[in-house]
Amino acid sequence: MGVVPAGGRPYVLLSCATSIDGYIDDTTEERLVLSNDEDLARIDAVRAGCDAILVGAGTVRRDDPRLVVRSERLRRARVARGLPPSPVKVTLTGRGDLDPAARFFTVGDADRIVYCASPAVAKTTELLDGLATVVDAGDPLDPARALADLAGRGVGRLMVEGGGSVHGQFLTAGLADELHLVVAPFFVGDPGAPRFVGDGRFPWHPGRRARLVETRRIGDVVLVRYALSERCPEA
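Owing to the predicted nature of the structure, the values given are computational and were not obtained by experimental measurement.

**Digging into the sheet that holds strand β5 (residues 133-136)**
In step 1: Taken together, the 9 strands give an open sheet; going across it, the order is β5-β4-β3-β2-β6-β1-β7-β9-β8, and neighbouring strands pair in mixed fashion. In the strand order of this sheet, the two ends are held by β5 and β8 (211-218), each with one partner. Neighbour-to-neighbour, the strand axes of the sheet open up by a mean angle of 20°, direction not taken into account.
In step 2: Sheet analysis places strand β4 (residues 112-116) next to β5, joined by 4 bridges and oriented parallel. Residue Cys-116 lies in a different strand from β5, and its bridge partner there is Asp-136.
In step 3: Its contacts with the sheet put helix α7 (residues 164-172) on β1 (11-18), β2 (52-56), β3 (88-93) and β6 (157-160), and the angle it makes with β1 is roughly 135°.

Below, the structure written as C-alpha cells:
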C-alpha cells in the first residue's frame, strides 16, 4: 500500500468522462461509450498507480464494472513493487442492495471493501457472506469516515470513478484533491439522463476557482485536469 498523505486521509483523485453537455450516460439500456481506446489505456495507468478504486453501489448495479488493471505490463509492474496486481476495490452503499454475482466481487484477486450505512450492515454482511469486508460507515453513510478507515488500512491514493452521486458527495464535502474530466465530442441532450454531478454547494465557485493544471488532446476526446487541493502537484 502507499503512504497516507498528511491530513489523515488518502489522496483522492476523481475520474469522470462526460458528453459536451455534461452527461455521463443516456437513458438507453446500452452503456454510453464516452471515452476511446487511447484514453482507456491512460485510465488503466492511473488505476495502476492507486492503492484503491471506489465506485458507488449504483455503478456496481448499472455498469457491472470489473475495476481491475487490464494491462499485463502494468499488473507485472505492480507485482514487482510488492503490490497486488490490481488495487483494492471499494464501494459505498446506503441500503446494501448489492448482487454477490457482480463482477466487483467475482473478478480478480484484489481485496474488496463495502462501506455501508449502519442500518444495513448486518443484512449486507449476511448477503455477501465473506466476499468482501463490510464496514459500518455511519448513518447516514459518511464518505469521510470511509476515507479515515481506508487510511488506517494503508490506502494512500484512492481513485473515485463515480457515479455522479458519489462524485457529488466527495466534491461537496471538500474531500477531493484532483479531478480528471474527459469530454467526449458529442451531446446527449436527454433531461432524464444522469449528469456528472447534481445540484449542491461546492467549495469551488466563481470566488474560488479550481486550479487548472493540464489539458490534453487524446484522440477525439479532451482531458482536463484540475487541482482541487494544495496536495495536487502541478505535473
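**Let's talk about the packing of aromatic side chains**
In step 1: Applying the stated rule across the entire model yields 1 aromatic pair.
In step 2: When the centroid spacing of 4.9 Å and the interplanar angle of 75° are considered together, the rings of Phe-104 and Phe-105 count as edge-to-face.
In step 3: Here Phe-104 falls in the buried class, since its relative accessible area comes to 0%.
In step 4: The residue whose ring lies beneath Lys-89 is Phe-104, and the NZ or CZ to ring-centre distance is 5.9 Å.

**Side note on the environment of Trp-204**
In step 1: In this structure, Trp-204 sits in the loop between β7 (178-183) and β8.
In step 2: Between the C-alpha atom of Trp-204 and that of Thr-172, which follows or precedes it by 32 residues, the distance is 9.0 Å.
In step 3: Every residue in contact with Trp-204, bar those within four places of it in the chain, is listed here: Leu-171, Gly-174, Ala-176, Ala-210 and Leu-228.
In step 4: Within polar-contact distance, the side chain of Trp-204 engages the backbone oxygen of Leu-228 at 3.5 Å.

**Examining unusual backbone geometry**
In step 1: Omega for the bond connecting Asp-139 with Pro-140 falls within 30 degrees of zero, at 0°, which places this linkage in the cis form.
In step 2: By the element assignment, Pro-140 lies in the loop between β5 and α6 (143-152).
In step 3: That bond from Gly-162 to Gly-163 is cis: its omega, 5°, falls within 30 degrees of zero.
In step 4: For Asp-64, which is not glycine, the phi torsion reads 50° and is therefore positive.
In step 5: At Leu-67, a position not held by glycine, the phi torsion is positive, near 55°.
In step 6: Along the chain, the position of Leu-67 falls in the loop between α2 (57-63) and α3 (72-80).

**A look at the environment of Gly-94**
In step 1: Within the secondary structure, Gly-94 sits in the loop between β3 and α4 (103-106).
In step 2: Residues Gly-94 and Val-121, spaced 27 residues apart in sequence, show a C-alpha to C-alpha distance of 9.2 Å.
In step 3: Excluding anything up to four places from it in sequence, Gly-94 contacts Ala-117, Ala-120 and Leu-141.

Cut-off values and rules
- Residues numbered from 1 in each chain as written.
- Predicted model: local features only at pLDDT ≥ 70, side-chain atom pairs only at ≥ 80, totals over all residues.
- Heavy atoms only, no water.
- Pairing = 2+ DSSP bridges.
- Helix = DSSP H or I, 4+ residues; strand = E, 2+ residues; numbered from the N terminus.
- Axes fitted to C-alpha atoms, helices over the stretch in contact; angles between N-to-C directions.
- Contact = heavy atoms within 4.5 Å.
- Phe/Tyr/Trp six-rings, centres within 6.5 Å; stacked < 30°, edge-to-face > 60°.
- Buried < 20%, exposed > 50% of the residue type's maximum accessible area, 1.4 Å probe, protein only.
- Lys NZ or Arg CZ within 6 Å of the ring centre and 35° of its normal.
- Polar contact = N/O pair within 3.5 Å; in protein donor to acceptor, adjacent residues only side chain to side chain.

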